[in-house]
Amino acid sequence: MLGASHAIMSFALVYGVTGRFLPASVASAGAIFPDSIERIVCGRGWMKYHRKWSHWFPPYLALAWFTRKYLEANPFPGLIESIGGGLYVPVGPKSITVTAAFFLFWWLVGCLLHLAEDAFFGPMPLLVPWKRQRLFLQVFKTGGLAERVMARGTLAAAVVLRYVDAAAGIVG
């Protein structure tokens, strides 16, 4: 899948599920990381290492799980809290670390969505990062019309779903 399609698809999936623009945007940025890090580290020969160590899901999944547990144990403080009748914006070590964890979690969700999306385009590492295995039938060709239509169609469906939900309160 091309980078633009990863970004669009991940944004659409997160926005469709959460209805929130910020997590969807952060996930969209995370969705381009696995391919980008290969290009940065490997340079011109990056395709030789494509879908190997940077596409191995256990590190992303473990870090996302620990980050989620941290966020559950440390709820995000309100942007404006009341103390003694006055309002203030909480800024301190805890609010900064919780904010960083929030962004890290959704960025990792984008990385994991990238891996799930790539599984339909060819072999991916499953048990070990240096051996790729075909997880699903190769449904789409990278850069093909079907890929672009699928990504943009998913985005349109997410926006329509959220519009209908806002109008009728269908989704919980």
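See the structure above.
About the criteria used
- Residues numbered from 1 in each chain as written.
- Predicted model: local features only at pLDDT ≥ 70, side-chain atom pairs only at ≥ 80, totals over all residues.
- Heavy atoms only, no water.
- 1 Å grid on protein atoms, 1.4 Å probe; cavity = no way out; pocket = protein on both sides within 12 Å on 5 of 7 lines; lining within 4 Å.
- Points joined across faces, edges and corners; volume = space filled by probe spheres on them.
- Helix = DSSP H or I, 4+ residues; strand = E, 2+ residues; numbered from the N terminus.
- Buried < 20%, exposed > 50% of the residue type's maximum accessible area, 1.4 Å probe, protein only.
- Contact = heavy atoms within 4.5 Å.
- Core = buried A, V, L, I, M, F, W, Y, C linked by side-chain atoms within 4.5 Å.
- Arc of directions from axis to C-beta.
- Phe/Tyr/Trp six-rings, centres within 6.5 Å; stacked < 30°, edge-to-face > 60°.

Q: Is there a simple way to think about the layout of surface pockets in this case?
A: Gaps left between atoms are located by rolling a probe of water-molecule size over the structure's atoms. Volume-wise, the largest pocket comes out at about 160 Å³. Lining the largest pocket are 13 residues, with M1, L2, D35, R39 and W46 sitting closest to its centre. No other element matches the three residues that helix 3 (residues 33–42) contributes to the lining of the largest pocket.

Q: Before we go on, may I ask you to explain the side chain of S28 in this structure?
A: Counting through the fold element by element, S28 comes out in helix 2 (residues 21–30). The exposure class of S28 is buried, given its relative accessible area of 14%. In contact with S28, other than residues within four places in its own chain, are A7, S10 and F11.

Q: Sorry if this is basic, but what is going on with the nonpolar core here?
A: A general trend in soluble globular proteins is that nonpolar side chains are found buried together. The biggest cluster of nonpolar side chains holds 23 residues, and the ones touching the most others in it are V14, L71, F105, W106 and V109. For this core, the elements supplying multiple residues, two or more each, are helix 1 (3–18), helix 2, helix 4 (57–73) and helix 5 (93–118). Per-element accounting of this core gives the leading share, 10 residues, to helix 5.

Q: Any chance you could explain helix 3 here in plain terms?
A: Since there are 3.6 residues in each turn of an α-helix, residues three or four apart along the chain are aligned in direction. Among the residues making up helix 3, those that are buried are P34, D35, I37 and E38. Projected down its long axis, helix 3 carries its buried residues within an arc of 160 degrees, all on one side. Packed against the buried residues of helix 3 are helix 1, helix 2, helix 4 and helix 5. Downstream of helix 3 by a residue or two, G43 has a phi angle that is positive, lying close to 65 degrees.

Q: I tried to follow the packing of aromatic side chains on my own but got confused; where do I start?
A: Two measures describe an aromatic ring pair: the distance that separates the ring centres and the angle between the ring planes. Tallying each qualifying case throughout the model produces six aromatic pairs. Here the aromatic rings of F11 and Y15 are separated by 5.8 Å at their centres, their planes lie at 10 degrees, and the arrangement is stacked. Here Y15 and F11 lie together in helix 1, a separation of four residues that amounts to about one turn. Here the two residues F11 and Y15 agree in accessibility, since each one is buried. Ring centres 5.6 Å apart and planes at 90 degrees place the aromatic pair F102 and F103 in the edge-to-face group. Here F102 falls in the buried class, since its relative accessible area comes to 14%. We classify F103 as partly exposed; its relative accessible area is 35%. Taken together, F11, Y15 and F21 form an aromatic cluster joined through their ring pairs.

Q: Please explain the environment of P125 as it appears in this structure.
A: By the element assignment, P125 lies in strand 3 (residues 124–125). Taking the relative accessible area as the measure of exposure, P125 reaches 3% and is therefore buried. Along the primary structure P125 and R51 are separated by 74 residues, whereas in three dimensions their C-alpha atoms are 6.9 Å apart. Filtering out sequence-adjacent residues up to four positions away, P125 remains in contact with R51, K52, H55, W56, F57, K131 and R132.

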